[in-house]
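# Structural features, examined
Given next are the chains, with one letter for each unit.
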Amino acid sequence: MAYTPVDYNPYDFANRRHIGPSPAEMEEMLKVVGVKTLDELIDQTVPASIRQSIPLGWAPLSEHELLARMRAVGARNKVMTSLIGQGYYGTVTPPAIQRNILENPAWYTAYTPYQPEIAQGRLEALLNYQTMIADLTGLPVANASLLDEATAAAEAMAMAERVAKSKAKGFFVDHGCHPQTIEVIKTRAVPLGIEVIVGDPAKMDPAQVFGAIFQYPGTYGHVTDFTKEIAALHAAKAVAVVATDLLALTILKEPGAMGADIAIGSSQRFGVPMGYGGPHAAFMSCKDEYKRSMPGRIVGVSIDARGNKAYRLSLQTREQHIRREKATSNVCTAQALLAVMASFYAVFHGPKGLRAIAERVHFLTNRLARALKAAGAKVSPKAFFDTITVEVGVGQAGILAAARHEGLNFRKIGNDRVGISLDETTDEKVLIRVLRAFGIEGVPPHRATLGFPEEMVRTSDYLTHPVFHMNRAESEMMRYMRRLSDRDLALDRAMIPLGSCTMKLNAAAEMMPITWPEFGSLHPFAPADQAAGYREAIEDLTAKLCEVTGYDAFSMQPNSGAQGEYAGLLTIQAYHRARGEGHRNICLIPVSAHGTNPASAQMAGMQVVVVKSAPNGDVDLEDFRQRAEEAGENLAACMITYPSTHGVFEETVKEICRITHDHGGQVYLDGANMNALVGLVKPGEIGSDVSHLNLHKTFAIPHGGGGPGMGPIGVKAHLAPYLPGHPETGGAEGPVSAAPYGSASILLISWAYCLMMGGEGLTQATRVAILNANYIAARLKGAYPILFMGNKGRVAHECILDTRPFAEVGVTVDDIAKRLIDNGFHAPTMSWPVAGTLMVEPTESETKAEIDRFITALMAIRAEIEAVEKGEISAEDSPLRHAPHTVEDLVADWTRKYPREQGCFPPGAFRVDKYWPPVGRVDNVHGDRNLICICPPVESYAQAAE
């Protein structure tokens, strides 16, 4: 008998690792959906008129082939000791943090903590971060991180304008700010009508400005006390912002002691690798009276249903969704994972450890300055922390070359100076190499003398909370990290079926290269020839994204989806200005759009005109046509999401694009739902001009508990000249991010995803995402109304369950969301895009077994709702209202009107491996009225428990 080899390929990443349902399971699911083949389902779901004709072309790599390719590409990067500074520094990531946080899926696969009961661990780590920032900056309130230092500075400028009593239109920028910060501020200021005045703080006229920003220490090393300048601003009713350095603040006078109103900066040097520019968590802190005006997310302290202390995100963190075009910021992503790393770095070292690191860096810098001065070099400034500038005249090129020969990068300043910034990784050997580049042998002996005046020494305490004084034995640190992660629900535990957020597999092989030194240790402003590997990766990823989308060019600079929206709209505005049509300022946005869309349009200086939705959830075509005609020659753009935010492929998308173009506008297609398009539809071929892609959704970068994200923008050829530029890489337009390629190191994740999936695998992922969503819709039909469907009764990659009818008997969408926690699930997207509904997106990565478990849970919840409808139990007495149930509920005296087992072990929940939320339902109103944004004192823990 002839031997028949098995046709199973264990190295087929797409079909064996990334896509959840097996071929046999897909057959079962297709029967439930009511079609014979996957092709038939796609034909019924995606309009034929928009389908791409040419399939995606590249072949896949296996996991081991990918890692070999990554090693080869990484080897093309030349890892030097970069002493460039300018906001980026070498740092040591403690191995315990690298392995237990950065490389741990319990931390990197979690979602934004909008459901606080299942995010208590992350929220505590972020509260630690806020406390660290508030303490070090000397200001009482901090947020849970922003994107990078430059965008934090731009946010601070906008915040200063909101809170200042001064009516002046100018904003002063210290010429000692980092160049990229100055340029991002200028970019943000133009559409807001703010005049940016760059100059010497000593010559600032406070009467001309509503606010000012000072760099401390300055980009060239200057340590300056800005107390006098800040007092002058306050006398003129203006606001003072200080851009600062956390490590320096362990020994230098803090901004709060100078009277600063707002402080911003980057926490990168607290254990977060440079990664060729990111991701890194920026910070912002402010005076208490301004806390309600601060952008981004703030973690606060509230109580749960039993009165126990519980953490939560405070109200204004969803401001852009609530206020839309009236929002003061479009910030939707924090850099949560990186903020968590930085907070654990502070816990790991404690205040004495941080101060010791800072002192070591400073004293090494002092030794370097003394040696250079002794050799006759002109060294500035007189007062410095870790950065000095050396005048080298016509010898600049020679000094830079000698440094490179020693494996060092100095900063080129003008044509006659070099900058040198030391950091945590600097040791005596590095010092010897630095001096050798100047032709100096040996180093002067260590001397504990300060390189700045004694009156600049910090005298206040910081990091006094017990969490920063815990036993730092690695066993204790490891257990603390584990305890916090055990309080959370992430993708490593269960499906997270969030509509529009695409919580798919973040494969281990995709994640591994980001911690390799050949990718993690590169400075973003290192000479281009040292980043050949990054260039290859970014160019190939760009080519693949162009093929996927039908666009002609990409900018990788935006490091969040909202920032991508903003960058795309600025690109459109620049295009109109170049054609002499700068008057175009109207942006049409459907009422169903993401809340960040109108907020981004407002930030780009556009006037938002809202377009109605038709009863079936589509954009109302007649209303759209009427609004476009009314805008006429002032129409700048429309912003649409495709498939729609209602989870449907609208048949009229090409007509919407045609109407916009007929009136001279450009089409911005929001890429949030790209997971339903890849391999089937190219946005650039159906009429859109620009899109951002959420790489942290469709292209497998993990959400990291609320960030990092990436939002690169693709454009048609006519818009390519107007993409964001950067002072380091050129370009006609200003930058939107601090680094030329945004959070460059995590681009490797999306590149790895594309390489392992191949063109065919990416297309199959889209098809299965649509299958999984339609399977859920078919199984739940009858139990829950499905709010929107296409003409042939199909949903796209997500479906909206209408839970509003249950409100008639007192059951809210919140009750259902919290009850799902008892079943071991994160709730779907709640009350968006339609209030009182649940938007479900299973993604292609979830197995049939997990999807069935989710359906079982929802059907059990429906049965509990039915019991309320029949009057068998009131909503108030039902398990729905008491959810989620904690271990405390399990062991307490049981007086409720439903069985203990029903409450604590509902269908769908695991019994042995059950997830127990650490707190009961969190009181949001209490939290907003009693906003506590830093670690409460230990005594309050006891008080809360009483």
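Everything quoted here is computed from the prediction, not taken from an experiment.

Regarding helix H5 (residues 95–102), the residues found buried are Ala 96, Ile 97, Asn 100, Ile 101 and Leu 102. Considered in projection along H5, the buried side chains sweep an arc of 160 degrees and stay on one side of the axis. Opposite the buried face of H5, by more than 90 degrees, sit the exposed residues Pro 95 and Arg 99. Buried residues along H5 sit in contact with helix H6 (105–108), helix H13 (336–374) and helix H16 (474–486).

Most of strand E3 (residues 170–174) sits out of view: 5 of its 5 residues are buried. Because side chains alternate across E3, one face comprises the buried residues Gly 170, Phe 172 and Asp 174, and the other comprises Phe 171 and Val 173, equally buried. Pairing geometry for E3 and strand E4 (residues 195–199), over 5 bridges, is parallel. If you follow Val 173 over to E4, its bridge partner there is Val 198. Relative to strand E5 (residues 209–216), E3 runs parallel, the two being bridged by 4 bridges. Bridge assignment links Phe 171 to a residue of E5, and that residue is Gly 211.

A few words on the confidence of the model for the protein chain. Within the protein chain, residue pLDDT values average 95, and 97% of them lie at 70 or more. In the model, residues 941–946 has pLDDT below 50 throughout and makes 8 contacts with residues more than four positions away in sequence or in other chains.

When the charged atoms of two side chains with opposite charge come close together, those side chains can pair. The full count for this structure, using the stated rule, is 49 salt bridges. Two residues, Glu 124 and Arg 487, come together in a salt bridge whose shortest N-O distance is 2.8 Å. Within this pair, whereas Glu 124 is found in helix H7 (residues 120–137), its partner Arg 487 is found in the loop between H16 and helix H17 (508–511), the two being separated by 363 residues in sequence. For Glu 124, a relative accessible area of 13% gives the class buried. Residue Arg 487 is classed as partly exposed on the basis of its relative accessible area of 25%. For Asp 802, the salt bridge identified is with Arg 804, shortest N-O distance 2.9 Å. Residue classification places Asp 802 among the buried residues on the basis of a relative accessible area of 9%. According to the relative accessible area criterion, Arg 804 is partly exposed, its value standing at 40%. Overlapping salt bridges, with partners in common, bring together Glu 622, Arg 625, Glu 655, Arg 658 and Asp 662 in one network.

Turning our eyes to something else, we now look at the environment of Met 556. Within the secondary structure, Met 556 is located in the loop between strand E16 (553–555) and helix H20 (561–578). Through-space distance from the C-alpha of Met 556 to that of Pro 740 is 7.8 Å; in sequence the pair is 184 residues apart. Every residue in contact with Met 556, bar those within four places of it in the chain, is listed here: Ile 538, Leu 541, Thr 542, Leu 545, Met 710, Pro 712, Tyr 741, Gly 742 and Leu 747.

Right, let's talk about the side chain of Asn 673 for a bit. In this fold, Asn 673 is placed in the loop between strand E20 (666–670) and strand E21 (690–692). For Asn 673, the side chain forms a polar contact with the main-chain oxygen of Pro 643, separated by 2.8 Å. Apart from residues no more than four positions distant in its own chain, Asn 673 is found in contact with Ser 500, Thr 641, Tyr 642, Pro 643, Ser 644, Thr 645, His 797 and Glu 798.

A contiguous patch of positive charge on the surface is contributed by Lys 165, Lys 167, Lys 169 and Lys 237. On the secondary structure map, Lys 165 appears in the loop between helix H8 (149–163) and E3.

Let us look at helix H10 (residues 227–235). Along H10, the residues that are buried comprise Glu 229, Ile 230 and Leu 233. The arc that holds every buried residue of H10, seen down its axis, measures 100 degrees, which confines them to one face. Relative to its buried face, H10 has exposed residues pointing more than 90 degrees away, namely Lys 228 and Ala 235. Buried residues in H10 make contact with E5, strand E6 (239–245) and helix H11 (255–258).

A word on the pairing of strand E17 (residues 586–590). The buried fraction of E17 amounts to 5 of the 5 residues, a majority that puts the element mostly inside the structure. Side chains Ile 586, Leu 588 and Pro 590 of E17 all project onto a buried face; the interleaved residues Cys 587 and Ile 589 project onto the opposite face, where all are buried too. Here E17 pairs with strand E18 (residues 607–611) via 5 bridges, running parallel. Bridging from a neighbouring strand, Cys 587 pairs with Val 608 of E18.

Turning our eyes to something else, we now look at the sheet that holds strand E23 (residues 799–802). An order of E23-E25-E24 is seen for the 3 strands of this open sheet, with the pairing classed as antiparallel. Strands at the two margins of the open sheet, each flanked by one partner only, are E23 and strand E24 (829–830). Sheet topology places E24 next to strand E25 (residues 837–840); 2 bridges connect them, and they run antiparallel. Bridging from a neighbouring strand, Met 830 pairs with Leu 838 of E25.

Next up on the list: the sheet that holds E3. Spatially, 7 strands are ordered E2-E8-E7-E6-E5-E3-E4 in an open sheet, and the strand pairing comes out mixed. Every other strand in the sheet has two partners, leaving strand E2 (141–142) and E4 as the edge strands with one partner each. Lying over the sheet, helix H9 (residues 179–192) contacts E3, E4 and E5, oriented at roughly 160 degrees with respect to E4. Its contacts with the sheet put H10 on E5 and E6, and the angle it makes with E5 is roughly 165 degrees.

Close contact between H20 and helix H21 (residues 596–603) brings their axes to 9 Å; oriented N to C, the two are set at 45 degrees. The angle between H20 and H21 places the two elements in the oblique class. Relative to H21, H20 is oriented so that their crossing is right-handed. Of the residues in H21, those in contact with Ala 562, Glu 565, Tyr 566 and Leu 569 of H20 are Thr 596, Asn 597, Ser 600, Ala 601 and Met 603.

In this section: unusual backbone geometry. Look at the link from Gly 278 to Pro 279: it is a cis peptide, with omega at 10 degrees. Examined against the element boundaries, Pro 279 turns out to sit in the loop between strand E7 (262–266) and strand E8 (282–286). In this structure, Lys 237 is a non-glycine residue whose phi angle is positive, near 65 degrees. Even without being a glycine, Tyr 276 presents a positive backbone phi close to 60 degrees. Along the chain, the position of Tyr 276 falls in the loop between E7 and E8. Tyr 276 gets classed as buried once you look at its relative accessible area, which sits at 8%.

Take the packing of aromatic side chains next. All chains considered together, the criterion is met by 20 aromatic pairs. Summarising the aromatic geometry, the rings of Phe 214 and Phe 226 are spaced 4.7 Å apart at their centres and angled 10 degrees between planes, so their arrangement reads as stacked. Here the residue Phe 214 occupies a position in strand E5, and Phe 226 occupies one in the loop between E5 and H10, the gap between them amounting to 12 residues. As far as the burial class goes, Phe 214 and Phe 226 line up, both buried. With a centroid separation of 6.1 Å and 20 degrees between ring planes, the pair formed by Tyr 276 and Tyr 741 is classed as stacked. Of this pair, Tyr 276 sits in the loop between E7 and E8 while Tyr 741 sits in the loop between strand E22 (713–715) and helix H24 (744–780), placing them 465 residues apart in sequence. Here a set of aromatic residues connected by ring pairs shows up, and it is made of Tyr 276, Trp 516, Phe 519, Tyr 534 and Tyr 741. For Arg 417, the ring lying beneath its charged end belongs to Tyr 220, and the centroid distance is 5.5 Å. Of note, Lys 914 hangs over the ring of Trp 916, and the distance from its end group to the ring centre comes to 4.7 Å.

The rules we used
- Residues numbered from 1 in each chain as written.
- Predicted model: local features only at pLDDT ≥ 70, side-chain atom pairs only at ≥ 80, totals over all residues.
- Heavy atoms only, no water.
- Buried < 20%, exposed > 50% of the residue type's maximum accessible area, 1.4 Å probe, protein only.
- Helix = DSSP H or I, 4+ residues; strand = E, 2+ residues; numbered from the N terminus.
- Arc of directions from axis to C-beta.
- Contact = heavy atoms within 4.5 Å.
- Pairing = 2+ DSSP bridges.
- pLDDT = per-residue confidence, 0-100.
- Salt bridge = Lys/Arg side-chain N within 4 Å of Asp/Glu carboxyl O.
- Polar contact = N/O pair within 3.5 Å; in protein donor to acceptor, adjacent residues only side chain to side chain.
- Patch = residues over 30% accessible without salt bridge, like charges linked within 9 Å, V, L, I, M, F, W, Y side chains within 5 Å.
- Areas by Shrake-Rupley, 256 points an atom, 1.4 Å probe, with all protein chains shown as cover.
- Lys, Arg positive; Asp, Glu negative; His and termini not counted.
- Charge placed at Lys NZ, Arg CZ, Asp CG, Glu CD.
- Axes fitted to C-alpha atoms, helices over the stretch in contact; angles between N-to-C directions.
- Parallel < 35°, antiparallel > 145°, perpendicular 65-115°, else oblique.
- Left-handed = near helix turned anticlockwise from the far one by under 90°.
- Phe/Tyr/Trp six-rings, centres within 6.5 Å; stacked < 30°, edge-to-face > 60°.
- Lys NZ or Arg CZ within 6 Å of the ring centre and 35° of its normal.

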